[in-house]
Amino acid sequence: MFPSEFEYLAPTTLDEALSLLAEHAEDAKVLAGGQSLIPLMKLRFAAPAILIDINGLPGLSHLQEDKRGRGFLRIGALVRNAALERSELLKARYPTMAAAAPLISDPIVRNQGTLVGSLVHADPQGDWGSVLLALEGEVVAKSATGERRIPATKFFDGPFTTVLRPDELAVEARVPAPGPRSFGTYLKLERKVGDFATVGVAVSVSTERGVVTRAGIGLTGVGPANIKAVDAEQALVGHRLTDKAIRRAAELAAAASEPRTDVRGSADYKREVVRVYVARGLHQALAAKAA
Amino acid sequence: MHRSITVTVNGQARTAEVEPRMLLVHFLREVLDLRGAHVGCDTTSCGACAVLVDGVPVKSCTMFAVQVDGKSLTTVEGLASNGQKHAIQEGFKEEHGLQCGFCTPAMMLVASALLEENPNPSEREIRWAISGNLCRCTGYQNIVKAVQHAAATLHPQPAGRTE
């Protein structure tokens, strides 16, 4: 399969990239890892006239916390999934992300694919969107005219659609640093390594003296976009992680899902997996003594 | 619209004019006549086209040739040196790690990259590393043995590591 013809531009500075984006806007697509974009171009679902390769830009490969771990974890647009999978920082401090990273596609694809690229691609079956929703992260977008920080809850605008403007470049994703008693995980049902999620569930919980102070639940593959199960989250806040509270949250999350029957399973089956996975994730949180 | 790229392939600098839309796998096979990278699924699933770019496995059907300008590539043709098989090739031969051979070049490259990073991998780590490479013949058992054989050759251990 061969993509349509395009003009290839490889800027070497961020300013240059942003002015190219401003100039070409709708005609251009940004190439980072390319593990979603290039397959789409080969199928000619995407046929950009201009491809702006950002792999040569400096300053987009950072994976670090700011404000001595009291601010945000900042993930640059060129941080590969393989780097996230190997990150000791994620293992120690960001368990939801550490659990999700090894489940993204397969090891070879993870060497190229990026978290920020996955967010921008906005596939409803993409894993990182649910993680960002559960962790209440944000995307930093830059353009020739300025910068804005877009909360995850406002970023996704439907299947394969975000609120990014054509002249904007997503330069970074940010995740708030965890509180002292936080836990999370990501559970993914897939038919085989490299498959998209049949169902994915991101869970993140913070507690104080055993009482939930913040809960985040993101759902993958069970709606037209990644879903933040807000009712389930709110049902947990202010309560202990008792069996009853967990059961209630799991039911609310299942009710928030909007799965469709397809080759990976029936809608009823997927909704049931959401229920089971949310409960399992919260029980793991309890076992990890977040409470 | 053609672009000039220079790539070091198996230690040798190669320069060519390519269309931006030319995929790396076609550049290797059709421009450089290196047929070891196979087009299997052509949909980023099977891993038969995997080659090493600066030592890192990538699916060459999911990368444009223009993206590797200035980089160093290793294909299966570059594994042997001075007429000597690479330890991973020896392993695949000794342990019968192939049947039809279609997945084998990429399988060996991915395994060699694993052994660079992790000289003494556990069986689980080997299976994890090759989980992006499909083999429809072997059931993977002999491939795992082949990688273990290569690891033992490259880095002899007093006692084998267990799970």
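Below or above, wherever it landed, is the structure these notes cover. (Residues numbered from 1 in each chain as written. Chains lettered and ligands numbered in written order. Predicted model: local features only at pLDDT ≥ 70, side-chain atom pairs only at ≥ 80, totals over all residues. Heavy atoms only, no water.)

Things to note about the interface of chain A and chain B
Then, number 1: With 32 residues of chain A at the contact, the number on the chain B side is 31 residues.
Then, number 2: Counting the surface lost from both chain A and chain B, the interface buries some 2500 Å², and carbon and sulfur atoms represent 61% of this.
Then, number 3: Taken as a group, Phe 6, Tyr 8 and Ile 108 of chain A account for 25% of the area that chain A buries against chain B, more than any other trio of residues on that side.
Then, number 4: The interface formed by chain A and chain B holds four salt bridges in total.
Then, number 5: With its nearest N and O atoms 2.5 Å apart, the salt bridge here joins Lys 59 of chain B to Asp 106 of chain A.
Then, number 6: Summed over the shared surface of chain A and chain B, the result is 10 residue pairs in polar contact (both at pLDDT 80 or more).
Then, number 7: Top contributing element to the side of chain A that touches chain B by residue count: helix α6 (residues 107-112) of chain A, with six residues.
Then, number 8: Along the lines of polarity and charge, the residues of the side of chain A that touches chain B split into 16 nonpolar, six polar and 10 charged. (Contact = heavy atoms within 4.5 Å. Buried area = accessible area lost by both parts, 1.4 Å probe. Salt bridge = Lys/Arg side-chain N within 4 Å of Asp/Glu carboxyl O. Polar contact = N/O pair within 3.5 Å; in protein donor to acceptor, adjacent residues only side chain to side chain. Helix = DSSP H or I, 4+ residues; strand = E, 2+ residues; numbered from the N terminus. Nonpolar A, V, L, I, M, F, W, Y, C, P; charged D, E, K, R; others polar.)

Concerning the packing of helix α2 (residues 87-94) of chain B against helix α5 (residues 141-154) of chain B
A packed helix pair is summarised by two numbers, namely the angle formed by the two axes and the spacing between the axes.
All names here are of chain B.
Then, number 1: Packing of α2 against α5 brings their axes to within 8 Å, and their N-to-C directions diverge by 135°. The pairing of α2 with α5 is recorded here as oblique in orientation. When the axes of α2 and α5 are compared, the crossing they make is right-handed. Along its contact with α2, which presents Ala 87, Ile 88, Gly 91, Phe 92 and Glu 94, the element α5 presents Ile 143, Ala 146, Val 147, His 149, Ala 150, Thr 153 and Leu 154.
Then, number 2: Looking at the contact of α2 with α5 residue by residue, the classes come out as eight nonpolar, three polar and one charged. (Axes fitted to C-alpha atoms, helices over the stretch in contact; angles between N-to-C directions. Parallel < 35°, antiparallel > 145°, perpendicular 65-115°, else oblique. Left-handed = near helix turned anticlockwise from the far one by under 90°.)

A few points about unusual backbone geometry
Then, number 1: With a phi angle near 50°, Arg 209 of chain A is a residue other than glycine that sits in the positive phi range.
Then, number 2: Among the secondary structure elements, Arg 209 of chain A is positioned in the loop between β10 (199-208) and β11 (211-220).
Then, number 3: Phi is positive for Tyr 140 of chain B, which is not a glycine, with a value near 75°.
Then, number 4: Mapped onto the elements, Tyr 140 of chain B comes out in the loop between α4 (123-129) and α5.

Points about the layout of surface pockets
Then, number 1: Roughly 1100 Å³ of internal volume is contained in the second largest pocket.
Then, number 2: Taken together, 38 residues line the second largest pocket, and the ones lying closest to its centre are Ala 82, Arg 86 and Asn 111 of chain A together with Val 56 and Glu 117 of chain B.
Then, number 3: Residue composition of the lining of the second largest pocket, grouped by class: 18 nonpolar, eight polar and 12 charged.
Then, number 4: The two domains that each donate at least three residues to the lining of the second largest pocket are domain 1 (7-53) and domain 2 (63-176) of chain A. (1 Å grid on protein atoms, 1.4 Å probe; cavity = no way out; pocket = protein on both sides within 12 Å on 5 of 7 lines; lining within 4 Å. Points joined across faces, edges and corners; volume = space filled by probe spheres on them. Domains from an automatic or database assignment.)

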